[in-house]
Amino acid sequence: KNEVEQSPQNLTAQEGEFITINCSYSVGISALHWLQQHPGGGIVSLFMLSSGKKKHGRLIATINIQEKHSSLHITASHPRDSAVYICAAFIIQGAQKLVFGQGTRLTINP
Amino acid sequence: NAGVTQTPKFQVLKTGQSMTLQCAQDMNHNSMYWYRQDPGMGLRLIYYSASEGTTDKGEVPNGYNVSRLNKREFSLRLESAAPSQTSVYFCASSEARRGSPLHFGNGTRLTVT
């Protein structure tokens, strides 16, 4: 079982819907990253957070350290938000390393 | 600023051939990384360099070598390519290994036949 699990694996929604993508991890971490991978393949860093909540435009990321869970929300979704969203957690137990989730493929239909 | 520049974008190799993937960053970052991305799997770390002059193995280092030529450049070499190395390769950099945002190159799609 991967130390970082994302859900759902695939998500299709209509334009304007509120989107939530979840990321759970099983060990202690120091920070969690949310990344966006466009259909063309490029990867962009959206957020890095270690506590609380961060907001950038229509994107909101939250993390609950006690529950070992993070969520990425997209408000007023748009077809250009269609991408793969990846969470990655920096594990601090044992061999310290950044572990990536498998990604959530989001498709927003007009 | 170009950010992280990775070359080539595409490459096809025959089994046994060698090649070097180049990566350069212009953000004065200390840490640089090479990842591979395979279908159904998360990004996996091949090698990383926490600072100029140092390199360390990641999760899947077998069949690869790296060189941190200077602070800007971090290259990945396949000495004898195998079909199992068919993948998309990403170079990335960050200010420090912990607690810093990652910046990725655009990726290299490598096919080994």
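Below or above, wherever it landed, is the structure these notes cover.

**Notes on the sheet that holds strand S3 (residues 19-25) of chain B**
All names here are of chain B.
Move 1: Within the open sheet, the four strands sit side by side as S1-S3-S8-S7. Their pairing is antiparallel. Unpaired on one side and paired on the other, strand S1 (4-7) and strand S7 (64-68) mark the two borders of the sheet. For this sheet, the mean angle separating the axes of adjacent strands, direction not counted, is 15°.
Move 2: By the bridge criterion, three bridges tie S3 to strand S8 (residues 74-78) in an arrangement that is antiparallel. Following the sheet pairing, Thr 20 is matched in S8 by Arg 77.

**Quick word on the interface of chain A and chain B**
Move 1: If you look at the interface, chain A gives 18 residues, while chain B gives 15 residues.
Move 2: At the junction of chain A with chain B, the criterion picks out zero salt bridges.
Move 3: For the pair chain A and chain B, the interface holds two residue pairs in polar contact (both at pLDDT 80 or more).
Move 4: Contributions of two or more residues to the side of chain A that touches chain B are made by strand S4 (29-37), strand S5 (43-49), strand S9 (83-91) and strand S10 (97-100) of chain A.
Move 5: Looking at the side of chain A that touches chain B residue by residue, the class counts come to eight nonpolar, nine polar and one charged.

**Focus on the nonpolar core**
Residue and element names in this part refer to chain A.
Move 1: In terms of nonpolar packing, the biggest core is built from 25 residues, with Leu 32 and Trp 34 touching the most fellow members.
Move 2: Within the residue set of this core, elements represented by two or more residues are strand S3 (19-25), S4, S5, strand S7 (59-64), strand S8 (69-74), S9 and strand S11 (104-109).
Move 3: Here this core takes five residues from S9, the largest share from any one element.
Move 4: Those residues in contact with Leu 32 that sit more than four places away from it in its chain are Cys 23, Tyr 25, Phe 47, Met 48, Leu 49, Ile 63, Ser 70, Cys 87, Ala 88 and Ala 89.

**Some thoughts on the layout of surface pockets**
Over the atoms rolls a probe the size of a water molecule, and its path tells where empty space is left.
Move 1: Of the volumes computed, that of the largest pocket is approximately 800 Å³.
Move 2: Lining the largest pocket are 34 residues, with Gln37(A), Val84(A), Arg105(A), Gln37(B) and Arg109(B) positioned closest to its centre.
Move 3: With four residues, the single largest contributor to the lining of the largest pocket is S11(A).
Move 4: Tallied by class, the residues present in the lining of the largest pocket amount to 11 nonpolar, 19 polar and four charged.

**Things to note about the pattern of salt bridges**
Move 1: For the structure shown, the criterion picks out five salt bridges over all chains.
Move 2: Two residues, Lys97(A) and Glu3(A), come together in a salt bridge whose shortest N-O distance is 3.8 Å. Here Lys97(A), found in strand S10, pairs with Glu3(A), found in the segment before strand S1 (4-7); they are 94 residues apart in sequence, far enough to count as distant.
Move 3: Owing to a relative accessible area of 27%, Lys97(A) belongs among the partly exposed residues under this scheme.
Move 4: In this structure, Arg58(A) engages Asp81(A) in a salt bridge whose closest nitrogen and oxygen atoms are separated by 2.9 Å. Of this pair, Arg58(A) sits in the loop between strand S6 (52-56) and S7 while Asp81(A) sits in the loop between S8 and S9; the two residues are 23 residues apart in sequence, bridging distant segments of the chain.
Move 5: The network of salt bridges with shared partners includes Arg36(B), Asp38(B) and Arg44(B).

**Quick word on the state of the cysteines**
Should the sulfur atoms of two cysteines be covalently bonded, the bond is a disulfide.
Residue and element names in this part refer to chain B.
Move 1: Inspection of every chain in the model, using the stated rule, returns two disulfides over all chains.
Move 2: In this model Cys 23 forms its disulfide with Cys 91; the gap between the sulfur atoms is 1.8 Å. Between Cys 23 and Cys 91 the sulfur-sulfur dihedral comes to about -70°; the bridge is accordingly left-handed. Taken as a pair, Cys 23 in strand S3 and Cys 91 in strand S9 (residues 87-94) lie far apart in primary sequence, 68 residues in all.
Move 3: Overall, Cys 23 belongs to the buried group, its relative accessible area being 4%.
Move 4: Note on Cys 91: relative accessible area 0%, which makes it buried.

About the thresholds
- Residues numbered from 1 in each chain as written.
- Chains lettered and ligands numbered in written order.
- Predicted model: local features only at pLDDT ≥ 70, side-chain atom pairs only at ≥ 80, totals over all residues.
- Heavy atoms only, no water.
- Pairing = 2+ DSSP bridges.
- Helix = DSSP H or I, 4+ residues; strand = E, 2+ residues; numbered from the N terminus.
- Axes fitted to C-alpha atoms, helices over the stretch in contact; angles between N-to-C directions.
- Contact = heavy atoms within 4.5 Å.
- Salt bridge = Lys/Arg side-chain N within 4 Å of Asp/Glu carboxyl O.
- Polar contact = N/O pair within 3.5 Å; in protein donor to acceptor, adjacent residues only side chain to side chain.
- Nonpolar A, V, L, I, M, F, W, Y, C, P; charged D, E, K, R; others polar.
- Core = buried A, V, L, I, M, F, W, Y, C linked by side-chain atoms within 4.5 Å.
- Buried < 20%, exposed > 50% of the residue type's maximum accessible area, 1.4 Å probe, protein only.
- 1 Å grid on protein atoms, 1.4 Å probe; cavity = no way out; pocket = protein on both sides within 12 Å on 5 of 7 lines; lining within 4 Å.
- Points joined across faces, edges and corners; volume = space filled by probe spheres on them.
- Disulfide = S-S within 2.5 Å.

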